[in-house]
Amino acid sequence: MTQPLPAPEADRPAVTGKVPDDLLRVSDLDPPTLAELLDLAADMKEEPLGWERDLRGGAIGCVFEKPSTRTRVSLATAAHRLGMTAIVLNRQELQLGHGETVADTARVLSSYLDAITVRTFDHATVEQMADAATVPVVNALSNTHHPCQSLADLLALREHFGALAGMTAAFIGDGTSNTCNSFLAACAASGMHLTIAAPPGYETDMDILRKARELMTHTGGSVSLTTEPIEAVGAAQAVYAEVWVPMDRHHEREARTEHLAAYRVDDALLAHAPREAVVMHCLPAVRGQEITSEVLDGPRSLVWRQAANRLPTAQAALHTLITTARRHTT
Ligand SMILES: NC(=O)NCCC[C@H](N)C(=O)O
């Protein structure tokens, strides 16, 4: 039996808000545009195919200086579903790894590609890439920001709870992490109330906090800080566990494991959370360290949905950024 053809994009919803040139951090999206992007991602999740008319024949580059499972595969699959190809470029395979500047690389890649996605260490590298590129640059994770993850997190929360505004969440552990910084910005844009429980030395950057608080005065959200995980989860509808050792900090493994030992999300901690609380994690998880297997695989886990939502949110972000950029250049 032949399947009915999906509706052409002209009849489909699109993001009409203020679309940024690049997606380097969550705050590049103003709150209404972020909400529209989530709407589009929800549509793409329900009907993933039939969006390739505008971008068929295009290509994205995935410049990856760190390992990646979810981000690389979701971006590449999203590109494929939009009729594009994805070229994965590891640092050592590029002249970038042998002395060519980030700016020169960006300039040249822009003449072949419709978007450049970058996973790197210093956030300044993503900024340099975006400054020199003439196509959209998407931050596929830097040491300070992970916007692609936050889009998937918000979609998962919205699907589960229905609405984001007024929701309460707790982030447990490393308050300096890229995931924490971006989740904070996502909560700020969505009018959510976040408590970050981090040990001394792992506190969220004051400037990132200040910007989130500023936005929260408009969206109605709030952020508070504590060193006590039990206090943080007390009213939390979502409890976010974070890796103790990020992928570029293996040399700090021993110290981090010691400092963050009291920041494990397990059944004992969740006994202090509301009955409805769900558990989040960006993955990869170290089972038995920052989260137990019982929790990760248990009925409160939203983790697999977060991971699955990387695909439709990547699809929505790429489609929106690239089609907007093309409109601006024609
Ligand atoms: N979902 C992901 O993209 N996970 C990558 C690991 C994130 C973690 N915060 C890290 O930087 O190592």
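Quick notes on the rules
- Residues numbered from 1 in each chain as written.
- Predicted model: local features only at pLDDT ≥ 70, side-chain atom pairs only at ≥ 80, totals over all residues.
- Heavy atoms only, no water.
- UniProt positions renumbered as here; feature names shortened; annotations may be inferred.
- Near = heavy atom within 4 Å.
- Polar contact = N/O pair within 3.5 Å; in protein donor to acceptor, adjacent residues only side chain to side chain.
- Areas by Shrake-Rupley, 256 points an atom, 1.4 Å probe, with all protein chains shown as cover.
- 1 Å grid on protein atoms, 1.4 Å probe; cavity = no way out; pocket = protein on both sides within 12 Å on 5 of 7 lines; lining within 4 Å.
- Sits in = over half its atoms within 2 Å of the grid points.
- Helix = DSSP H or I, 4+ residues; strand = E, 2+ residues; numbered from the N terminus.
- Nonpolar A, V, L, I, M, F, W, Y, C, P; charged D, E, K, R; others polar.
- Axes fitted to C-alpha atoms, helices over the stretch in contact; angles between N-to-C directions.
- Parallel < 35°, antiparallel > 145°, perpendicular 65-115°, else oblique.
- Left-handed = near helix turned anticlockwise from the far one by under 90°.
- Contact = heavy atoms within 4.5 Å.

- The name given to the chain in an unreviewed UniProt entry is Ornithine carbamoyltransferase, with Streptomyces alanosinicus as the source organism.
- In UniProt, the chain has this text filed under Sequence similarities (unreviewed entry): "Belongs to the aspartate/ornithine carbamoyltransferase superfamily."

**Side note on the site of the ligand**
In step 1: Lining the immediate surroundings of the ligand are 15 residues, of which His 146, Asn 178, Met 247, Cys 282 and Leu 283 lie closest.
In step 2: The contact in question runs from a nitrogen atom of the ligand to an N or O atom on the side chain of Gln 149, over 2.9 Å.
In step 3: The backbone of Cys 282 places a nitrogen or oxygen atom 2.8 Å from a nitrogen atom of the ligand.
In step 4: In isolation the ligand exposes 350 Å². Once the protein is present, 95% of that is buried.
In step 5: Assessed atom by atom at 2 Å from the grid points, the ligand resides in the largest pocket.
In step 6: When contributions to the shell around the ligand are tallied by element, the ones reaching two or more residues are α2 (70–81) and α6 (178–190).
In step 7: Partitioning the shell around the ligand into residue classes produces six nonpolar, five polar and four charged.

**Considerations on the packing of helix α1 (residues 31–46) against helix α13 (residues 310–329)**
In step 1: Running from amino to carboxyl end, α1 crosses α13 at an angle of 120°, the nearest separation of the two axes being 8 Å. Judged on the interaxial angle alone, α13 and α1 are oblique. Note that α1 runs across α13; the crossing there is right-handed. In this structure, α1 contributes Leu 37, Leu 40, Ala 41, Met 44 and Lys 45 to the contact, and α13 contributes Pro 312, Thr 313, Gln 315, Ala 316, Ala 317, His 319 and Thr 320.
In step 2: Grouping the amino acids of the contact of α1 with α13 by side-chain chemistry returns seven nonpolar, four polar and one charged.

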